[in-house]
Amino acid sequence: MLFKCWDKVSTYGFKLHHHYYQLIGSKRVSKSWWRKLLLSWLIGWTVVSFWIFCYMSSQATEKRKETLASMCDERARMLQDQFNVSMNHIQAMSILISTFHHGKNPSAIDQTTFARYTERTSFERPLTSGVAYAVRVLHSEREQFEKHQGWTIKRMDTLERNPVHKDDYNPDLLEPSPIQEEYVPVIFAQDIISHVISIDLLSGKEDRENVLRARKSGKGVLTAPFRLLKTNRLGVILTFAVYKRGLPSNATPNERIQATDGYLGGVFDVESLVEKLLQQLASKQTILVNVLDTTNQSHPISMYGSNASDDGLELVSHLNFGDPFRKHEMRCRFKQKPPWPWLAITTSIGILVIALLVGHIFHATVNRIAKVEDDCHKMMELKKQAEAADVAKSQFLATVSHEIRTPMNGVLGMLHMLMDTDLDVTQLDYVRTAQASGKALVALINEVLDRAKIESGKLELEEVQFDLRAVLDDVLSLFSGKSQDKGVELAVYISDRVPEMVIGDPGRFRQIITNLMGNSIKFTEKGHVHVTVHLVEEVIDMIEVETESSPKNTLSGFPVADRRQSWKGFRSFSQEGSIHPFSDSIRLIVSVEDTGEGIPIEAQSRVFTPFMQVDPSISRTHGGTGIGLSISKCLVNLMKGEIGFVSMPKIGSTFTFTAVFSSSSSSSKEYKSQQINNQANSVCSEFRGMRALVVDPRPVRAKVSRYHIQRLGIHVEVVSNWKQGLSVISQGSNVTHMVLMEQEIWDRDLHGSSLFINNLEKIDHSTPPKVFLLSNSISSSRVNPSTSGVCNLTVIPKPLRTSMLAASLQRAMGDGNKGNPRNGELPSLSLRNLLLGRKILIVDDNNVNLKVAAGALKKYGADVVSASRGMEAIELLTPPHQFDACFMDIQMPEMDGFEATRRIRDSEQNINNHIHFGELSVETYNNVLNWHASDQIPLERTSAYDMPMASIRPPLLWHALRHFNKLHFFPRVNIFL
Amino acid sequence: MDLVQLQRQLVDYRTSLYHEGFLDEQFTQLQELQDENNPDFVVEVVSLYFEDSERLLNELSKALEQQIIDFKRIDAHVHQLKGSSSSIGAQRVQKLCIVFRNYCEAQNVEGCLKCLQQVKHEYSIVKTKLESMFQLERQILNAGGSVPV
């Protein structure tokens with residue numbers, strides 16, 4: 001049953017695994033090997049358990065046999081001993097008879113004496129039931145003998161033929177013995193067997209043989225067992241010959257026969273005797289004893305015991321009753337059949353069961369392992385597929401976004417140009433809307449592209465030296481319009497300990513900050529958005545020092561969420577010491593704090609999950625896709641930083657992130673950055689050494705103002721009210737050049753303010769300090785009549801930016817005419833930065849185009865060299881050369897732009913590229929504008945978008961050239977103009 | 001004439017040029033490129049354009065008179081003309097050049113000849129217009145005023 005089940009299970013399992021191993025062919029070998037092992041295990045243990053069974057049962061049988069043998073031997077020996085005792089006694093009696101009967105004349109013994117004697121000594125012969133003595137009578141002596149005795153000799157054989165019952169027995173009925181040569185009549189007998197007196201022993205068959213053998217051998221001789229007269233029980237007769245005196249011990253049989261006087265016989269009632277014997281011994285009931293006469297081997301005569309034949313265990317012990325002619329043996333058997341060998345059975349079955357169980361466990365384990373492996377393989381396969389799908393998705397996204405972005409830029413450019421044409425109000429509105437939508441779309445595409453790039457692992461951070469403060473100024477100017485519209489105060493503060501220049505990816509850094517600030521402004525209706533940049537170490541020190549800051553001590557006076565909560569989980573704070581070894585790494589911590597509506601607590605957990613917004617209505621009211629924060633998180637991770645936030649509904653949120661940059665070391669890179677910044681430096685130098693006074697009661701805000709003013713090289717002092725300010729100006733030994741005051745103070749106390757200004761003029765100084773009003777929104781200050789009423793008062797709109805501040809100060813300080821504030825200032829300024837001092841080659845066969853392009857580039861300070869043929873360009877651009885860039889017409893006679901570009905690239909390849917400063921970027925332009933943001937697309941595949949030669953327009957030129965900005969040396973970007 | 005009036009006239013005239021489609025955005029760009037460092041930039045470029053265009057138009061006339069007309073060469077010339085026209089913003093000429101090139105591609109001699117005539121016509125108009133504009137500007141400058149942007 002068990003085996004059947006087992007077989008079923010294993011065949012089922014095999015079927016299962018068959019499929020599995022078809023998949024994984026290499027494992028089939030091991031599988032079959034396992035199966036063989038299992039099978040051999042089972043067979044082995046079956047054999048072992050069977051062997052144990054056999055061994056144990058044989059042990060039991062052996063033990064039983066031994067027990068039986070010892071019991072049997074014990075009985076046999078006792079029987080034999082007792083028999084021998086009896087026999088010896090009878091022998092002794094024979095000597096008695098020979099002495100007192102034959103040796104005395106007249107005999108000293110008669111029947112009565114004999115009977116009494118034997119009766120009294122019968123305890124000596126426990127095995128005999130009776131003793132008798134018969135004499136040898138020759139036929140010649142018969143008559144005299146019969147007379148002497150008074151009875152005739154009787155024969156026995158008739159008696160043997162007709163056995164009589166005990167009670168009927170009457171010796172007088174016996175026939176007298178026929179005439180024989182010799183008679184052996186019984187003369188003495190014990191009382192028990194007195195009936196045998198006068199019976200001729202030679203007439204009985206058994207007795208005759210006995211008598212004859214006894215006299216021949218001179219030893220005790222036994223008859224075969226026979227039914228005794230009268231008692232009819234089984235018995236044997238022991239016969240001793242009584243010889244005449246003086247017979248030598250080595251006499252021949254014949255001499256013995258001649259010397260025989262008579263015969264002494266003892267009747268042994270074997271049956272009762274053995275019975276008696278067995279009763280004396282313990283465990284009579286456990287074994288059966290048979291005593292047999294085995295003189296005739298083929299026909300053993302049973303002397304005792306039932307004859308029930310049993311093929312069970314039987315043990316034979318030989319008995320020696322002193323008669324060499326007769327052989328006897330005792331056969332012993334157990335009464336009960338041998339019990340079942342339960343111990344052996346249970347042990348072996350137990351072992352087998354254990355082995356089966358172990359086998360089952362083994363099998364199940366192998367199956368399980370196989371199944372798990374199979375599953376694991378499937379999972380791996382699925383995982384690979386999923387990953388491949390994910391990568392494919394990201395790649396697809398990246399490709400598609402890129403492909404969308406390219407024409408979108410064309411669309412945007414065209415829209416920009418369309419706006420500059422003559423349009424009526426409605427048209428202009430349409431175009432603006434279209435452009436805004438287009439920009440939004442491009443922004444979204446850029447975000448998706450970023451996300452996809454991050455996911456596909458393609459995004460790599462740049463390692464560029466950049467000015468952190470400039471980046472933040474940029475971002476600030478980006479949001480200044482929005483914050484002014486909303487009336488939200490926007491401020492940036494960068495700690496003095498943050499170095500001017502760091503090495504990292506400015507674009508991505510800017511992206512993170514833009515995203516966080518954008519979010520903050522989006523959700524903030526009143527109050528402020530405050531960006532602070534510190535070193536991590538500085539903040540850690542601050543935590544230790546700073547006590548509970550009052551909620552009022554914020555930029556706009558609105559309470560904010562405690563920003564320290566936002567970096568609670570940052571690892572870099574807890575293991576501060578371990579990160580320190582990187583001595584040239586700069587760890588910045590940037591916090592963006594707002595007083596907006598905050599993030600609901602239930603939505604806080606999924607803030608960084610892509611496309612998750614607080615709730616769907618958000619995207620309706622505020623727009624956006626919800627991808628920005630997840631990108632920021634990825635970017636922060638790429639910068640080896642962490643991002644976190646704290647948000648309290650109705651109070652505001654503070655997002656904090658850390659980023660690791662490396663400090664700029666003196667290298668060739670420095671040259672470039674200086675070149676780019678020298679303009680800002682020149683602005684700064686104008687104000688260097690001047691002194692300014694900031695009147696602001698709110699320390700946080702004053703700190704921001706001071707930060708910005710100090711960047712211009714101006715020494716700043718902060719006071720909290722007019723009076724202090726006045727005393728500082730009048731008492732200070734140094735001249736105060738300017739006073740900057742918060743609009744809050746101005747509005748609060750108009751009278752005091754104007755008094756202050758009047759007082760300023762009264763102080764005896766060569767030139768009274770200029771007074772500036774730091775205003776949150778331009779419109780409100782314009783409306784305010786008091787401001788416009790006072791002369792010598794310039795409004796500086798917030799958010800404060802260094803460039804803005806510088807321009808305002810410049811204008812107000814009297815040398816403001818240098819500036820040329822026009823729309824598109826930023827691109828042209830940047831272009832100027834970009835192109836100033838660059839040596840650029842333009843190649844075109846069209847003189848007019850050449851002139852125009854040269855004019856355009858020269859306007860931004862570039863050093864332009866013109867060439868009209870492709871060959872010329874190749875000659876000029878054979879390394880080593882001094883050019884930073886080359887713009888080339890695509891369509892030219894003799895050699896077109898592509899061909900020329902290819903040749904120039906070839907020549908670069910032949911020569912070590914790094915031989916000369918500046919790798920060359922060959923730009924090609926045509927009447928068409930066609931630029932690519934990516935340098936991965938080979939030249940030949942570029943397609944042109946038809947655009948008039950408006951490419952000299954700053955925005956487009958800026959777009960085309962902005963890639964220069966990212967890399968220090970002009971890279972090999974394929975920008976087609 | 002009053003300086004202000006002159007300036008107004010110039011602005012009006014320029015506006016009309018834009019309105020009538022003789023000039024386009026590109027010309028504005030060109031003007032923006034002109035600054036203190038390069039005060040005669042526009043005039044220089046435009047004179048260069050005149051020279052170049054006249055040379056090209058002559059070439060074209062010659063080429064079209066040939067027995068076997070080399071359309072490839074004509075196309076190259078027209079391309080040049082188109083390029084320079086678009087560079088200074090003479091958009092009518094530029095647009096005609098596009099039509100011209102189409103004929104050229106189709107190897108349509110009659111169309112080409114017709115186009116050449118039209119291009120010459122348009123070119124002469126634009127030339128006159130520009131020259132009179134420069135005249136006005138010069139007058140303003142001579143009168144001590146600045147050319148309004």
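Rules of the game
- Counting from 1, residues in each chain are numbered in the order their sequence is written.
- Going through the entries in the order they are written, you letter the chains from A and number the ligands from 1.
- Per-residue local features of the predicted model are confined to residues with pLDDT of at least 70, and side-chain atom pairs are confined, for both listing and counting, to 80 or more; whole-chain, interface and lining totals are unaffected and use all residues.
- Only heavy atoms go into the side-chain values, all of them from the structure, while hydrogens and water stay out.
- For the purposes of this entry, the term helix denotes a DSSP run of H or I that reaches at least four residues, the term strand denotes a run of E that reaches at least two, and both are numbered from the N terminus.
- Burial classes: relative accessible area under 20% of the type maximum marks a residue as buried, over 50% as exposed, and values in between as partly exposed (1.4 Å probe, protein chains only).
- Whether two residues touch is decided by their heavy atoms; if any such pair falls within 4.5 Å, the residues are in contact.
- All accessible-area figures derive from a Shrake-Rupley calculation using a 1.4 Å probe, and residue coverage is judged against the displayed protein chains alone.
- Salt bridge criterion: a side-chain nitrogen from Lys or Arg within 4 Å of a carboxyl oxygen from Asp or Glu.
- Two cysteine sulfurs form a disulfide in these notes if their separation is within 2.5 Å.
- Multiplying 1.5 Å by the residue count of a helix minus one yields the expected span of that helix.
- UniProt positions are given in the numbering used here, feature names are shortened, and annotations may be inferred rather than shown by experiment.
- Pairing of aromatic rings covers Phe, Tyr and Trp, the last through its six-membered ring, and needs centres within 6.5 Å; plane angles under 30 degrees mean stacked, over 60 mean edge-to-face, and all others mean tilted.
- By definition, two strands form a pair when at least two bridges between them are found by DSSP.
- Only the contacting stretch of a helix is used when fitting its axis, a line to C-alpha atoms as for every element, and angles between N-to-C directions run 0 to 180 degrees.
- Note on terminology: angles under 35 degrees are roughly parallel, angles over 145 are roughly antiparallel, angles of 65 to 115 are roughly perpendicular, and the others are oblique.
- Think of a nonpolar core as a cluster: buried Ala, Val, Leu, Ile, Met, Phe, Trp, Tyr and Cys residues, connected wherever their side-chain atoms sit within 4.5 Å.
- Note on patches: the residues involved have over 30% relative accessible area and no salt bridge, like charges join within 9 Å, and the nonpolar side chains Val, Leu, Ile, Met, Phe, Trp and Tyr join within 5 Å.
- Confidence of the prediction at every residue is given by pLDDT, a number between 0 and 100.
- A crossover gets the label right-handed when its path from the first strand over the helix to the second runs clockwise, viewed with the strands pointing away from the viewer.

Chemist: Talk me through the overall build of chain B; I want residue IDs and the actual numbers.
Modeler: Helix and strand counts for chain B stand at six helices and zero strands. Starting at the N terminus and ending at the C terminus, chain B contains elements arranged as α-α-α-α-α-α. For chain B, with 149 residues in total, the buried portion stands at 48%. The long-range fraction of contacts in chain B, counting pairs at least 24 apart against all pairs at least 6 apart in sequence, stands at 67%. If you sum the accessible surface of chain B, you get close to 7,700 Å²; carbon and sulfur atoms cover 49% of it.

Chemist: Before we move on, can you summarise the pattern of salt bridges with the specific residues and values?
Modeler: For side chains of opposite charge, pairing can occur when their charged atoms come near one another. Residues and elements named next belong to chain A. Within this structure, the stated rule accounts for 21 salt bridges over all chains. Where glutamate 500 meets arginine 469, a salt bridge forms, and the shortest distance between an N and an O atom there is 4.0 Å. One end of the pair, glutamate 500, is in the loop between strand S14 (489–494) and strand S15 (501–504); the other, arginine 469, is in helix H11 (residues 468–486), with 31 residues separating them in the sequence. Since its relative accessible area comes to 6%, arginine 469 is described here as buried. Here glutamate 525 ties to lysine 486 by a salt bridge, and the two come within 3.7 Å at their closest N and O atoms. Of this pair, glutamate 525 sits in the loop between helix H12 (506–523) and strand S16 (528–535) while lysine 486 sits in helix H11, and the two are 39 residues apart along the sequence. In the salt-bridge network here, residues are joined through shared partners; they are Arg136, Glu182 and Arg215.

Chemist: Tell me what's going on with the environment of valine 529 of chain A, and back it up with residues and numbers.
Modeler: Residue and element names in this part refer to chain A. In this fold, valine 529 is placed in strand S16. Sequence separation between valine 529 and glycine 652 is 123 residues; the distance between their C-alpha atoms is 9.7 Å. Apart from the residues lying within four places of it in its own chain, the contact partners of valine 529 are Val488, Glu489, Leu490, Ala491, Ser520, Ile521, Thr524, Leu555, Val592, Glu593 and Asp594.

Chemist: If you had to explain the state of the cysteines to someone new, which residues and values would you point to?
Modeler: Residue and element names in this part refer to chain A. All chains considered together, the criterion is met by one disulfide over all chains. Each sulfur in the disulfide pair cysteine 72 and cysteine 332 lies 2.0 Å from the other. Of note, the bridge from cysteine 72 to cysteine 332 carries an S-S torsion of about 85 degrees and is right-handed in sense. On the criterion of sequence distance, the pair formed by cysteine 72 in helix H2 (residues 28–102) and cysteine 332 in strand S12 (residues 328–334) is long-range, its members being 260 residues apart. As far as burial versus exposure is concerned, cysteine 72 and cysteine 332 are alike and both buried.

Chemist: Now, about helix H27 (residues 847–859) of chain A: what can you tell me, with residues and values included?
Modeler: All names here are of chain A. Here H27 spans 18 Å end to end across 13 residues, near enough to the 18 Å set by a 1.5 Å rise per residue. For H27, the complete set of buried residues consists of Val848, Asn849, Leu850, Val852, Ala853, Ala854, Gly855, Ala856 and Leu857. Looking at the residues trailing H27, positive phi occurs at glycine 861, about 90 degrees.

Chemist: Can you lay out the UniProt feature "modified residue: Phosphohistidine" (unreviewed entry) in chain B for me, pointing to particular residues and giving the numbers?
Modeler: UniProt records the feature "modified residue: Phosphohistidine" (unreviewed entry) at His79 of chain B, using the numbering of this structure. Along the chain, histidine 79 of chain B turns up in helix H4 (residues 71–88).

Chemist: Explain the packing of aromatic side chains residue by residue, including any values.
Modeler: Residues and elements named next belong to chain B. Tallied over the entire structure, the rule returns 17 aromatic pairs over all chains. Measuring from ring centre to ring centre gives 6.2 Å for tyrosine 49 and tyrosine 123, while their planes differ by 70 degrees; the resulting arrangement is edge-to-face. Of this pair, tyrosine 49 sits in helix H3 (residues 41–65) while tyrosine 123 sits in helix H6 (residues 109–142), and the two are 74 residues apart along the sequence. Tyrosine 123 matches tyrosine 49 in its accessibility class, with the two residues each being buried. With centroids separated by 6.2 Å and ring planes inclined at 80 degrees, the aromatic side chains of phenylalanine 50 and tyrosine 123 adopt a geometry described as edge-to-face. Of this pair, phenylalanine 50 sits in helix H3 while tyrosine 123 is found in helix H6, placing the two residues 73 residues apart along the sequence.

Chemist: Help me get a handle on the UniProt feature "modified residue: 4-aspartylphosphate" (unreviewed entry) in chain A, residues and values and all.
Modeler: Here, the residues flagged by UniProt with the feature "modified residue: 4-aspartylphosphate" (unreviewed entry) are Asp889 of chain A. Within the fold, aspartate 889 of chain A resides in strand S27 (residues 885–889).

Chemist: Outline unusual backbone geometry, supporting the account with residue identities and numerical values.
Modeler: All names here are of chain A. A positive phi angle is found at lysine 640, which is not glycine, with a value near 60 degrees. Accessibility expressed as a relative area gives 66% for lysine 640, which makes it exposed. The residue lysine 650 is not glycine, and still its phi comes out positive at about 75 degrees. Relative to the helices and strands, lysine 650 resides in the loop between strand S18 (643–648) and strand S19 (652–663).

Chemist: If you had to explain the pairing of S12 of chain A to someone new, which residues and values would you point to?
Modeler: Side-chain positions along a regular strand alternate between the two faces of the sheet. All names here are of chain A. Most of S12 is tucked away, with six of its seven residues classed as buried. Both strand S11 (residues 314–319) and S12 contribute to a ladder of six bridges, which runs antiparallel. Note on S12: the bridge partner recorded for leucine 315 is cysteine 332.

Chemist: Break down the packing of helix H5 (residues 91–106) of chain B against H6 of chain B for me, with residues and values.
Modeler: All names here are of chain B. The contact between H5 and H6 brings their axes to 9 Å, and the two run at 170 degrees. Looking at the two axes, H5 sits roughly antiparallel to H6. Residues Arg92, Val93, Leu96, Val99, Phe100, Tyr103 and Cys104 of H5 lie in contact with H6, whose contacting residues are Gly111, Cys112, Cys115, Leu116, Gln118, Val119, Glu122 and Tyr123.

Chemist: Account for the nonpolar core, with residues named and values stated.
Modeler: Within the largest apolar cluster, 70 residues are counted, with the highest numbers of intra-cluster contacts made by Phe114, Tyr133, Leu264, Phe268, Val291 and Met330 of chain A. Ignoring any residue separated from it by four or fewer positions in sequence, one finds leucine 264 of chain A in contact with Ile90, Met93, Ser94, Ile97, Phe114, Val131, Ala132, Tyr133, Leu238, Thr239, Phe240 and Val242 of chain A.

Chemist: Now, about a nonpolar patch on the surface: what can you tell me, with residues and values included?
Modeler: All names here are of chain A. Together, Trp41, Trp45, Val48, Ile354 and Val358 make up a nonpolar patch on the protein surface, roughly 410 Å² of accessible area in all. Breaking the nonpolar patch down by element, the ones donating at least two residues are H2 and helix H9 (342–420). No other element matches H2, which puts three residues into the nonpolar patch. Relative to the helices and strands, valine 48 resides in helix H2.

Chemist: Tell me about the side chain of asparagine 515 of chain A, and name the residues and values.
Modeler: All names here are of chain A. Note that asparagine 515 resides in helix H12. For asparagine 515, a relative accessible area of 15% translates into the label buried. Those residues within four positions of asparagine 515 in sequence are excluded, and the remaining contacts are Gly628, Leu629 and Ser632.

Chemist: Any chance you could break down the confidence of the model for chain A for me, citing the residues and the numbers?
Modeler: All names here are of chain A. Per-residue pLDDT for chain A averages 73, and the proportion of residues at 70 or more is 74%. Highest mean pLDDT in chain A belongs to S16 (88); lowest belongs to strand S29 (residues 930–931) (32). Taken as a whole, residues 779–791 scores under 50 in pLDDT and shows 14 contacts with residues more than four places along the chain or in a different chain. Within the model, pLDDT remains below 50 along residues 912–956, and this stretch shows 163 contacts once partners closer than five positions in the same chain are excluded.

Chemist: Please give an account of the pairing of strand S20 (residues 691–695) of chain A that cites residues and values.
Modeler: Residues and elements named next belong to chain A. Among the five residues of S20, five are classified as buried, and the element is accordingly described as predominantly covered. Taken together, S20, helix H19 (residues 699–711) and strand S21 (residues 715–719) constitute a β-α-β crossover, and its handedness is right-handed. With four bridges connecting them, S20 and strand S22 (residues 738–742) associate as parallel partners. Among the inter-strand pairings, valine 695 is bridged to a residue of S22, identified as methionine 741.

Chemist: How would you explain the sheet that holds strand S9 (residues 287–293) of chain A if you had to name every residue and give the values?
Modeler: Residue and element names in this part refer to chain A. Spatially, four strands are ordered S10-S9-S12-S11 in an open sheet, and the strand pairing comes out antiparallel. Both outer strands of the open sheet, strand S10 (301–304) and S11, are each paired with one neighbouring strand and no more. Strand-to-strand, the axes of this sheet are offset by a mean angle of 30 degrees, without reference to chain direction. One ladder, built from three bridges, connects S9 with S10; its direction is antiparallel. From the neighbouring strand, leucine 292 faces S10, where its bridge partner is serine 302. Strands in contact with helix H8 (residues 270–280) are S9 and S10; relative to S10, the strand with the most contacts, it is inclined by about 50 degrees.

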